[in-house]
Amino acid sequence: MVLDCKHVWDQISNYIEGEVPLEMRAAIEAHLAHCRHCAAVLDSTRNILILIADDRTFELPVGYSARLHARVQQELAAAG
Ligand SMILES: [Zn+2]
């Protein structure tokens, strides 16, 4: 399975949470190994998720996924 960057971004939060099938996970890891752009996106997304997870009083709000997606798009734009 060969993924392009857009496929990786679509799956990245699921990937971090371990919710992707093994074959998809392997494909994402293969992509990340040679794509610095996606590796940077992975790092930013993981940081956002860690920040959210660290705040125990904070439950995932409705629209969280949409906001995460928007944030990832922002990171991508900033990364050029
Ligand atoms: Zn990529």
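The structure presented is a predicted model; accordingly, all values stated were derived computationally and were not measured. (Residues numbered from 1 in each chain as written. Predicted model: local features only at pLDDT ≥ 70, side-chain atom pairs only at ≥ 80, totals over all residues.)

K.L.:
Teacher, can you tell me more about the overall build of the chain here?
P.N.:
A tally of helices and strands in the chain yields four helices and zero strands. Among the 80 residues that make up the chain, the fraction classed as buried is 11%. Across the chain, every contact between residues at least 6 apart in sequence was considered, and the portion connecting residues at least 24 apart equals 60%. (Helix = DSSP H or I, 4+ residues; strand = E, 2+ residues; numbered from the N terminus. Buried ≥ 20, exposed ≤ 12 C-beta atoms within 10 Å, placed from the backbone. Contact = placed C-beta atoms within 7 Å.)

K.L.:
Looking at this model, I keep getting lost on the nonpolar core. Mind explaining?
P.N.:
Within soluble globular proteins, side chains that are nonpolar tend to cluster in buried spots. Counting residues in each nonpolar core, the largest one holds seven residues, listed as Val8, Trp9, Ile12, Ile28, Cys38, Val41 and Leu42. Those elements giving two or more residues to this core turn out to be α1 (5-16) and α3 (36-54). Among residues more than four places away in sequence, those in contact with leucine 42 are Ile12 and Leu32. (Core = buried A, V, L, I, M, F, W, Y, C linked by C-beta atoms within 7 Å.)

K.L.:
Help me understand the packing of α1 against helix α2 (residues 22-34), please; the structure alone is not making it clear to me.
P.N.:
The description of two helices packed together rests on the angle between their axes and the distance between the axes. Contact geometry of α1 with α2 gives a least axis separation of 11 Å together with a crossing angle of 115 degrees. Here α1 runs over α2; the crossing is left-handed. When α1 is examined against α2, the residues Val8, Gln11 and Tyr15 are found in contact with a partner set consisting of Met24, Arg25, Ile28 and His31. Residues of the contact of α1 with α2, tallied by class, amount to four nonpolar, two polar and one charged. (Axes fitted to C-alpha atoms, helices over the stretch in contact; angles between N-to-C directions. Left-handed = near helix turned anticlockwise from the far one by under 90°. Nonpolar A, V, L, I, M, F, W, Y, C, P; charged D, E, K, R; others polar.)

K.L.:
Just to check I follow, could you spell out α1 for this structure?
P.N.:
Three or four residues apart is the spacing at which side chains of an α-helix point the same way, because the helix has 3.6 residues per turn. When the terminal C-alpha atoms of α1 are compared, their 16 Å separation across 12 residues agrees well with the 16 Å that a helix rising 1.5 Å per residue should span. Of all the residues in α1, the buried ones are Val8, Trp9 and Ile12. Along the axis of α1, the buried residues cluster in a sector spanning 100 degrees; they form a single face. (Expected span 1.5 Å × (residues − 1). Arc of directions from axis to C-beta.)

K.L.:
Which parts of the structure should I look at to understand the environment of isoleucine 48?
P.N.:
Looking at where isoleucine 48 falls in the secondary structure, it is placed in helix α3. Its 17 C-beta neighbours within 10 Å are what place isoleucine 48 among the partly exposed residues. Once residues within four sequence positions are removed from consideration, isoleucine 48 is found in contact with Leu68 and Arg71.

K.L.:
Help me understand the environment of glutamine 73 in this model?
P.N.:
Here glutamine 73 shows up in helix α4 (residues 64-79). C-beta crowding within 10 Å serves as the criterion here: with 12 such atoms nearby, glutamine 73 is assigned to the exposed category. With 64 residues separating them in the primary sequence, glutamine 73 and tryptophan 9 have C-alpha atoms 9.0 Å apart.

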